[in-house]
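Here's the letter readout for the chains.
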Amino acid sequence: MYFTDRGIEELVERRGEEQVSLEWLGERLRDFVDLNPEFETPVERFATWLARLDDEDED
């Protein structure tokens, strides 16, 4: 189990029934990076990964 699994499990447990827009998620990610600028690169990579999740593989 990765350390991040605990946070993910807490998120699902506390807010798993909620529905949010991607716009809302984007704003929360911006707020997080504003408060924690050292996480700018991982958040950017995560957001890019989510944005491209359905792209077809370009082998």
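Keep in mind it's a predicted model, so treat the numbers as computed, not measured.

J.: Please set out the overall build of the protein residue by residue, giving values where relevant.
T.: What the protein contains, in helices and strands, is 3 helices and 0 strands. Each helix and strand of the protein, placed in order from N terminus to C terminus, yields the pattern α-α-α. Relative to its length of 59 residues, the protein is extended, with a C-alpha radius of gyration of 14 Å against a globular reference of 10 Å. Considering only C-alpha atoms, the protein reaches an extent of 40 × 30 × 25 Å along its principal axes.

J.: If you had to explain the pattern of salt bridges to someone new, which residues and values would you point to?
T.: Using the criterion set out here, one finds 4 salt bridges in the structure. The salt bridge involving Arg14 is made with Glu10; its shortest N-O contact spans 2.9 Å. Remark: Glu10 and Arg14 occur in helix H1 (residues 3–15); sequence separation between them is 4 residues, near one turn of the helix. A relative accessible area of 42% means that Glu10 is categorised as partly exposed. For the salt bridge of Glu18 with Arg15, the shortest nitrogen-to-oxygen distance reads 3.0 Å. Using a relative accessible area of 41% as the deciding quantity, one classes Glu18 as partly exposed.

What counts, and where the lines are drawn
Residues numbered from 1 in each chain as written. Predicted model: local features only at pLDDT ≥ 70, side-chain atom pairs only at ≥ 80, totals over all residues. Heavy atoms only, no water. Helix = DSSP H or I, 4+ residues; strand = E, 2+ residues; numbered from the N terminus. Rg over C-alpha atoms; globule rule 2.2 N^0.38 Å. Salt bridge = Lys/Arg side-chain N within 4 Å of Asp/Glu carboxyl O. Buried < 20%, exposed > 50% of the residue type's maximum accessible area, 1.4 Å probe, protein only.

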